[in-house]
Amino acid sequence: MIAVIDYRAGNIASMKKALDHLHADAVVTRDANVVARADKIILPGVGHFSATVILDQEGLRGVILRRIENGVPFLGVCVGMQWMFESSAEAPGTPGLGLFSGACGRFAQGVKSPHVGWNSLTCRDGSRLLRGIPSGSFVYFTHSYSVPIVKVTAASCEYSGEFSAAVEQDNMFGVQFHPEKSGDVGLRLLANFCDLPC
Amino acid sequence: MLTKRIIACLDVNAGRVVKGVQFEQLRDAGDPAELACAHSRAGADEVVLLDISATRENRATLADTVRRTAQQLFVPFTVGGGIRSLADAVVVFEAGADKVSINSAALADPSLITRIAERYGSQAVVVAIDAKRINGECQFEAYVSGGRKATGRDAVAWAQEAEDRGAGEILLTSMDRDGTGAGFDCDLTRVCSVALNIPVIASGGGGDTQSFVDVFRKGHADAALAASIFHFGLHQLGDLKRSLQSAGIPVRWPC
């Protein structure tokens, strides 16, 4: 069972809809007991980085960290990916999960922000999440903050400089774009995640 | 590189897609869910469903239409038309919309923009502005109520206020060009796009390939919306995207 964590920010329905389309056994929840039993965890998200404080209030931080330590595949989407890092300039007082070192920054002046629309990926070889998705594939973004290029970057994207479009290390995966809104490319990525061994 | 979006717009009345010319003369164009999927398969980067139902009875079918349409659609999906309150917005979000488009209600009560943005994020709030030239000059007035009522507001100033209040995108329709296929009003999109830091979607007047090239190049639009050219087979979406690509406009193609 895949736990899709509902932290009351934005619309979780489209992620559930995409997983249903792939015939994945997905449950939308903020119940720590359900998350503790999940084989895989997806943290979707749009909205503000500070919305993630609910994860602490609901006692979810600890259970998510424990499940990741136990090897359960975890996918953070959009703000969910940003939360995998230490912090964000969007909400300086709100700690991230700290799985990866680094912080999210705002786009430079001189470009429209948010970065909205379809942009192309440059993929690193060997990514399990991006299996079958070649460089040049288009995915849908909508965000004002981004993660720089780091050691765990699995795909980059260009908008006023390069940023991390996807990150990956062991059982930890994150995407800045919205796979549930990225047509066939996004569905392929979600299928890759669903197919990972638990 | 960030691509220019081609957005398919479905005007819906009582659960059916219709198309009018300059806000009048409605013709039946098909089932919203089927047409939305067909457009997505053909390469539409996004789908907008605008409910133009005049009566409350017809509006009651909207949530069902949105639900059916969203079910198999895996590109961004915006719903607008007649959304007057946060409660109205909640209904369409819960039915599966990714964004709502608000128009008259935002002008009547601009705090609605902020209230929806606080709950769903700015990326989920599109403010639609129907604009008309004043005496043919490069000045534009915002209209409401489906283009029937002048507001006295400068369209660009209103767009800037909408951005400040938390709008994530502006859907800017030229009433002078709507449904004519005579080309977008590139002056309108340009003055708005350069004044704003959020994306501007050009609407009204899309016709041949050159009209799209112009609105991206001269009009500085971030996206362009079109309806009748796709519904009636006057223009195939793939052909349009291929032509735009040949003309050097970055588009998502092949999808």
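Small disclaimer: the values here were computed from a predicted structure and weren't measured.

(A) Local environment of the overall build of chain A. The helix and strand inventory of chain A stands at six helices and 13 strands. The globule rule puts the C-alpha radius of gyration for 198 residues at 16 Å, and the 15 Å found for chain A is close to it. Each principal axis of the C-alpha atoms in chain A carries an extent, and together these give about 45 × 40 × 30 Å. Per-residue burial over chain A gives 53% buried out of 198 residues. The contacts of chain A with a sequence gap of at least 6 include a subset with a gap of at least 24, amounting to 67%.

(B) Structural detail: helix α8 (residues 186-195) of chain B. Those residues of α8 of chain B that fall on the buried side of the exposure criterion are C186, L188, T189, V191, C192 and S193 of chain B. Among the structural elements, β7 (125-133), β8 (140-144), α7 (155-164), β10 (169-174), β11 (200-203) and α9 (209-217) of chain B are those in contact with the buried residues of α8 of chain B.

(C) A look at the interface of chain B and chain A. Listed per partner, the contact involves 25 residues of chain B and 27 residues of chain A. For the side of chain B that touches chain A, the residue count by class is twelve nonpolar, seven polar and six charged.

(D) Up close: unusual backbone geometry. Looking along the chain, the bond that leaves S113 of chain A and enters P114 of chain A is cis, with omega of 10 degrees. The residue P114 of chain A is located in the loop between β6 (103-106) and β7 (115-120) in this model. Across the junction of W253 of chain B and P254 of chain B, the peptide omega takes the value -5 degrees, indicating a cis bond. Take P254 of chain B: it is sitting in the segment after α11 (237-246).

(E) Geometry of helix α6 (residues 111-120) of chain B. All names here are of chain B. Among all positions in α6, only L112, I113, I116 and Y120 are buried. Summarising the axial view, the buried residues of α6 lie within an arc of 105 degrees, below the 170-degree limit, and thus occupy one face. In this structure, the buried side of α6 is in contact with α4 (86-94), β6 (99-102), α5 (104-108), β7 and α7. Looking one or two places after α6, you find G121, whose phi comes out positive at around 95 degrees.

(F) Spotlight on the pairing of strand β4 (residues 74-77) of chain A. All names here are of chain A. Of the two faces of β4, the one carrying F74 and G76 and the one carrying L75 and V77 are both buried. Alignment of strand β3 (residues 40-43) against β4, held across three bridges, turns out to be parallel. Looking across to β4, one finds that I41 is bridged to F74. Judged from the four bridges that link them, β4 and strand β13 (residues 172-175) form a sheet pairing that is parallel. Along β13, the bridge assignment pairs V77 with V175.

(G) Main features of the sheet that holds strand β2 (residues 26-29) of chain A. The strand order across the open sheet built from eight strands is β2-β1-β3-β4-β13-β12-β11-β8 (chain A), with neighbouring strands paired in mixed fashion. Only two strands of the sheet have a single neighbouring strand rather than two, namely β2 and β8 (122-123) of chain A.

(H) Up close: the environment of L43 of chain A. Residue and element names in this part refer to chain A. Structurally, the position occupied by L43 is in strand β3. Residue L43 is classed as buried on the basis of its C-beta count, with 27 C-beta atoms lying within 10 Å. As for L43 and V175, which are separated by 132 residues in sequence, their C-alpha atoms are 10 Å apart. Setting aside residues no more than four positions away along its own chain, L43 makes contact with I5, G76, V77, G80 and W83.

(I) Highlighting the sheet that holds strand β5 (residues 87-88) of chain A. Residues and elements named next belong to chain A. The strand order β5-β6-β10 describes an open sheet built from three strands, whose pairing is mixed. The sheet terminates laterally at β5 and β10 (145-146), the two strands that pair on one side only. Relative to β10, β6 is paired through two bridges, and the arrangement is antiparallel. Among the inter-strand pairings, R106 is bridged to a residue of β10, identified as Y145.

(J) Just the pairing of β11 of chain B, in detail. All names here are of chain B. Burial of β11 is two-sided: the residues V200 and A202 facing one way and the residues I201 and S203 facing the other way are all buried. Looking at chain direction, β10 and β11 are connected through four bridges and run parallel. Bridging from a neighbouring strand, T173 pairs with S203 of β11. In terms of handedness, the path from β10 via α8 over to β11 forms a crossover that is right-handed. Pairing between β11 and strand β12 (residues 223-226): three bridges, direction parallel. Residue I201 lies in a different strand from β12, and its bridge partner there is A223.

(K) Spotlight on the packing of α4 of chain B against α6 of chain B. Residues and elements named next belong to chain B. Close contact between α4 and α6 brings their axes to 10 Å; oriented N to C, the two are set at 40 degrees. Taken together, the axes of α4 and α6 are oblique relative to one another. The handedness of the crossing between α4 and α6 comes out as right-handed. On α6, the residues that touch L86, A89 and F93 of α4 are L112, R115, I116 and Y120. Here the contact of α4 with α6 is built from residues that sort into six nonpolar, no polar and one charged.

Thresholds applied
- Residues numbered from 1 in each chain as written.
- Chains lettered and ligands numbered in written order.
- Predicted model: local features only at pLDDT ≥ 70, side-chain atom pairs only at ≥ 80, totals over all residues.
- Helix = DSSP H or I, 4+ residues; strand = E, 2+ residues; numbered from the N terminus.
- Rg over C-alpha atoms; globule rule 2.2 N^0.38 Å.
- Buried ≥ 20, exposed ≤ 12 C-beta atoms within 10 Å, placed from the backbone.
- Contact = placed C-beta atoms within 7 Å.
- Nonpolar A, V, L, I, M, F, W, Y, C, P; charged D, E, K, R; others polar.
- Arc of directions from axis to C-beta.
- Pairing = 2+ DSSP bridges.
- Right-handed = clockwise from strand over helix to strand, strands pointing away.
- Axes fitted to C-alpha atoms, helices over the stretch in contact; angles between N-to-C directions.
- Parallel < 35°, antiparallel > 145°, perpendicular 65-115°, else oblique.
- Left-handed = near helix turned anticlockwise from the far one by under 90°.

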